[in-house]
Amino acid sequence: MMPLFLFRIASLPLVLFVLLRSIVVDAQPVPRVVGTVRDGVTGAPISGAVVSLLDADRVMQRRTVTGTRGEYRLERTVRSTRMQLLRLGFRPREIVLPSVVSRDTTVDVMMERLPNLLDGMRVTARAACPTRADTPVAFSLWEQARSALLAAVVTRESQSVTLRRYSFDRETNGERATRMTVVTDSATGTMASFTAALTPAGFVRNGFVRDSADDRVYFGPDAEVLLSDAFLDGYCMQLAKTDPVHPERVGVRFTPARRRTDRVEIDGTLWIDSARRSLSHIDYEYLVPDARLRALRPGGQVVFGDMPNGSILIDHWSMRLAGFVMESVPGVPSLTVRSGRRAEVSGGAAKRFVSVINETGGALAEARWRDSTQWRGRFGSLLLRVLPDSTQSLAGRELRLSRSPYRARIDSTGHARFAELIAGPYEVFLADERLRAIGLELAVPVPGAVRRGDSLNASVRVPTAESFVTERCQRAKQWRDGDRPLLLIRIMSETGNPVEGARVSIAWESAAGGWQDAARDYTTGADGVATYCASAAAVGRLARISARMRNADPGVFDVQFGGSLQMVPLVVRPQN
């Protein structure tokens, strides 16, 4: 029998040969298909065209999107035999590739501009969709739109980009936004600016809303959803009515082929800018079975943006979400029907359903590619004139907009400018680390609302912590000439929420070593705040502050009064 070590030595050259051969093969340059796509009439480069390499069975092998100068570059596989080109506003093209695949191939292409985006096409009738005179034209326009939707998908697949985005939630009263929260994030990679959360087939099969025991979740369509065959099979197409404000836009309306009451579908329109030959936006409404919800018109919008390098990304999107919540009716007792014969007054308050309309959405702030190409979104701005709330100068202080990442410095003229703002209402406050430590913002509403693409100029009086405490003391008639703001007390629960109705008392250390109660107690409001003002004689004295409320252990805090305002956080804990 041959020794084992001789077998290993004999096999080693073969292993080295295989490894070296693999390295040589991998080092060989991959053949590419390169070229430029141009308008067949003007010769101008065409950006945003989808270039795909197909095999003999028309299965896609590689694809990309042409850049600003109409250029494209694709690695060619051995199976690639044809090249397909698609661009909204141009007739599709297919080209047979040269059979030689061992070297780069240059294929420059001229595309024929369609004289009319509304040219009809032959379509296969769908049994679930009614026969309409505009069906051929609608499907022709939809196919044009699908080429642009495909460009949006291919952009995500083939181009590494760094994105900076904003997301927002607006609370409304049904007519206008009353409160808003904004957050921002950034990411790098091959990605879309915003995408749908479920698969296209899932949307068509189950609808665009998911209900759970606690809430209702709405979903919106993106490019992949509208591009899918599943969506085309589940929805019917027709031409939309012309928008008189934007006559250059043409639209395809899509409606569900079969309405079902066990799911929520959408009725929408995909709009195309015929002058720019590009996607404009999608408007849609949710077809909810509940007539009360339908009256609130829940729906949304997706707006597309053409990037300078031919990419297509979602510029911004929004959804209008509607629902009902149960609330108590103040001062009205509830009625309980006993045995179906008579109504009796029960101890609780009456309940009623109240409609709630919220808006949620996002906006792309910036996109940057590796070749230094950049794009910036369109936003609003705010120039605030900060009125003095006291004799204290606010120059150099930082202003912040509540529930958002926006910050600005007050200049020497008393102005502060905020840029890149999501449209909506805002509240502003002075940054103060003392207040942040007790979880308090002294925010005041900004007059008016910021609009996309516009600048809002407004004047606002922003309180300081000192002026806030002084005003509270004066309003409660706890202020005498010569007093100064000394304490801002905030009572909170263990979870950090403000406690309303807590009774706050202050006791002074006496000369004999005991504690002497102050003249009065204080009760916290909804913000959990109690304030204390006193004369300069209190400076330097030791005080004990305690907070009491029903079914909770008292919170106690000792403080040495200084010459400036002090913040006192007190936590009350439930009794065991």
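Just above, that's the structure.
What comes next concerns the included structure. On a predicted model such as this, the values are computed, not experimentally measured, just so you know.

Before going further, it helps to spend a moment on the state of the cysteines. Going through the model one piece at a time under the given rule, you end up with two disulfides. Between the sulfur atoms of C129 and its disulfide mate C236 the distance is 2.0 Å. Torsion about the S-S bond of the C129 and C236 cystine: about -90°, corresponding to left-handed handedness. Residue C129 is located in the loop between β8 (109-111) and α2 (135-158), and its partner C236 is located in strand β13 (residues 235-239); the two are separated by 107 residues in the primary sequence. When sorted by exposure, C129 lands in the same class as C236, which is buried.

Here the focus is the packing of aromatic side chains. Here the structure, examined in full by the defined rule, presents 13 aromatic pairs. Taking 5.3 Å as the distance between ring centres and 75° as the angle between the ring planes, the aromatic pair formed by F231 and F254 counts as edge-to-face. Highlighted residues: F231 in helix α5 (residues 229-234) and F254 in strand β14 (residues 249-256), separated in sequence by 23 residues. Judged by centre distance (5.5 Å) and plane angle (90°), the rings of Y284 and Y286 are edge-to-face. Here Y284 and Y286 have matching classes, each one buried.

Below, the discussion takes up the sheet that holds strand β21 (residues 380-387). In a beta sheet, neighbouring strands are held together by backbone hydrogen bonds and run either parallel or antiparallel to one another. Read across the sheet, three strands follow the order β24-β21-β27 without closing on themselves; strand pairing throughout is mixed. Of all the strands in the sheet, just β24 (415-421) and β27 (455-461) have a single pairing partner and so form its edges. With strand direction ignored, the average angle separating the axes of adjacent strands in the sheet is 20°. When β21 meets β27, the two strands line up parallel, connected through seven bridges. The partner of S381 across the bridge, within β27, is S455.

Those residues of helix α8 (residues 465-475) not exposed but buried are A465, S467, F468, V469, T470, R472 and C473. Looking at the buried side of α8, the elements it contacts are α7 (433-437), β28 (484-492), β32 (529-534) and β36 (566-571). K477 sits one or two residues past α8 and shows a positive phi near 60°.

Positive phi values are uncommon outside glycine, yet R277 reaches one of about 55°. Of note, R277 is situated in the loop between β15 (265-273) and β16 (278-287). Using a relative accessible area of 11% as the deciding quantity, one classes R277 as buried. For R297, which is not glycine, the phi torsion reads 55° and is therefore positive. Take R297: it is sitting in the loop between α6 (291-294) and β17 (299-306). When its relative accessible area of 51% is taken as the criterion, R297 is described as exposed.

What follows covers the sheet that holds strand β26 (residues 444-445). Pairing in this open sheet of four strands is antiparallel, and the strands run β23-β22-β25-β26 from one edge to the other. Strands with a single pairing partner mark the edges of an open sheet, and in this sheet they are β23 (407-409) and β26. Direction of pairing for strand β25 (residues 427-430) relative to β26: antiparallel, over a ladder of two bridges. Pairing of E427 across the sheet is with P445, part of β26.

The rules behind each value
Residues numbered from 1 in each chain as written. Predicted model: local features only at pLDDT ≥ 70, side-chain atom pairs only at ≥ 80, totals over all residues. Heavy atoms only, no water. Disulfide = S-S within 2.5 Å. Helix = DSSP H or I, 4+ residues; strand = E, 2+ residues; numbered from the N terminus. Buried < 20%, exposed > 50% of the residue type's maximum accessible area, 1.4 Å probe, protein only. Phe/Tyr/Trp six-rings, centres within 6.5 Å; stacked < 30°, edge-to-face > 60°. Pairing = 2+ DSSP bridges. Axes fitted to C-alpha atoms, helices over the stretch in contact; angles between N-to-C directions. Contact = heavy atoms within 4.5 Å.

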